[in-house]
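Residue strings, one per chain:
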Amino acid sequence: MTMNPELSAALDEPVATPRKSRKNNPEKTRENILQEAIVEFVQQGLAGARVDAIAERIHTSKRMIYYYFGSKEQLYVEVLEKLYGDIRTTESRLHLAELAPVDAIRRLVEFTFDHHDRNVDFVRIVCIENIHNAEYVKQSGAIKAMTNTILDSLGVILRRGAEEGVFRAGLEPLDVHLLISSFCFYRVSNRQTFGEIFQIDLSDEAVKQRHRQMVCESVLKYLQA
């Protein structure tokens with residue numbers, strides 16, 4: 001039996017297997033790397049973190065991570081920028097300028113308390129960076145620029161409050177920012193040691209609500225003294 005040459009050639013060709021479409025999404029890839037890098041840096045610190053371990057988590061290659069970030073140190077800097085950026089971005093959505101000064105401060109304090117309580121990784125990374133004497137924060141102009149936005153916003157609130165007679169005059173935005181952050185940060189950064197020494201569960205909901213109210217009242221009383 002003679003086979004048609006064209007039919008014979010078609011049968012000799014491998015059957016094409018349908019390929020799943022893959023979309024190149026650099027931003028999603030970067031975000032995935034950053035999320036897993038946060039886990040690795042929190043667990044191992046900067047010195048102990050391994051790019052190989054990050055690559056394994058997201059089923060990619062070490063080479064791919066270096067393609068996006070250049071080095072482990074640069075990846076760490078961008079992790080810092082992401083975590084600081086998350087809190088600053090959310091702060092900008094609080095619409096503080098639309099609120100009366102007292103209400104604006106209360107909302108800012110409550111947000112700061114809740115953010116630190118829910119984002120332990122942020123607190124731990126900041127602790128790690130302090131061990132490194134802020135060496136990598138110094139390399140980031142973005143972090144400093146982000147921080148200036150909250151100080152500017154806080155300054156406007158304090159001035160409005162002074163003009164309306166609800167806050168005393170002469171308050172420094174940086175001092176107030178430190179007052180708010182210090183309590184919110186400490187109760188998370190020292191949760192384990194403080195809890196063990198004083199036998200208190202700082203993650204208990206009733207304790208959290210008591211402390212949340214306490215820091216709000218403390219800050220407002222300082223501003224109104």
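Shown above is the structure to which this text applies.
Residues numbered from 1 in each chain as written. Predicted model: local features only at pLDDT ≥ 70, side-chain atom pairs only at ≥ 80, totals over all residues. Heavy atoms only, no water.

Trainee: Would you take a moment to explain the packing of aromatic side chains for this structure?
Mentor: Note on aromatic pairs: each is described by the distance of the centres and the angle between the planes. Enumeration over the complete set of coordinates arrives at six aromatic pairs. An angle of 70° between the planes, with centres 5.2 Å apart, marks the rings of Phe41 and Tyr76 as edge-to-face. One end of the pair, Phe41, is in helix α2 (residues 26-48); the other, Tyr76, is in helix α5 (residues 72-92), and 35 residues separate them in sequence. Taken individually, Phe41 and Tyr76 each receive the classification buried, so the pair is uniform in this respect. Consider the rings of Phe194 and Phe198, whose centres lie 4.7 Å apart with planes at 45°: the pair is tilted. Remark: Phe198 and Phe194 occur in helix α10 (residues 191-198); sequence separation between them is four residues, near one turn of the helix. Taken together, the ring pairs connect Phe41, Tyr76 and Tyr136 into an aromatic cluster. Sitting over the ring of Tyr222, Arg168 keeps its end group 4.4 Å from the ring centre. (Phe/Tyr/Trp six-rings, centres within 6.5 Å; stacked < 30°, edge-to-face > 60°. Helix = DSSP H or I, 4+ residues; strand = E, 2+ residues; numbered from the N terminus. Buried < 20%, exposed > 50% of the residue type's maximum accessible area, 1.4 Å probe, protein only. Lys NZ or Arg CZ within 6 Å of the ring centre and 35° of its normal.)

Trainee: I would appreciate a short explanation of the environment of Tyr136 in the present structure.
Mentor: If you trace the backbone, Tyr136 turns up in the loop between α7 (120-131) and α8 (141-163). Spatially, the C-alpha atoms of Tyr136 and Glu78 are 9.6 Å apart, while their sequence positions differ by 58 residues.

Trainee: What am I meant to see in the nonpolar core here?
Mentor: If you look at soluble globular proteins, the nonpolar side chains tend to sit buried side by side. Counting 32 residues, the largest nonpolar core has Phe41, Ile65, Leu75, Val79, Leu80 and Ile125 as its most contacted members. If you list the elements that add at least two residues to this core, you get α2, α3 (51-57), α4 (62-69), α5, α7, α8 and α9 (173-189). (Core = buried A, V, L, I, M, F, W, Y, C linked by side-chain atoms within 4.5 Å.)

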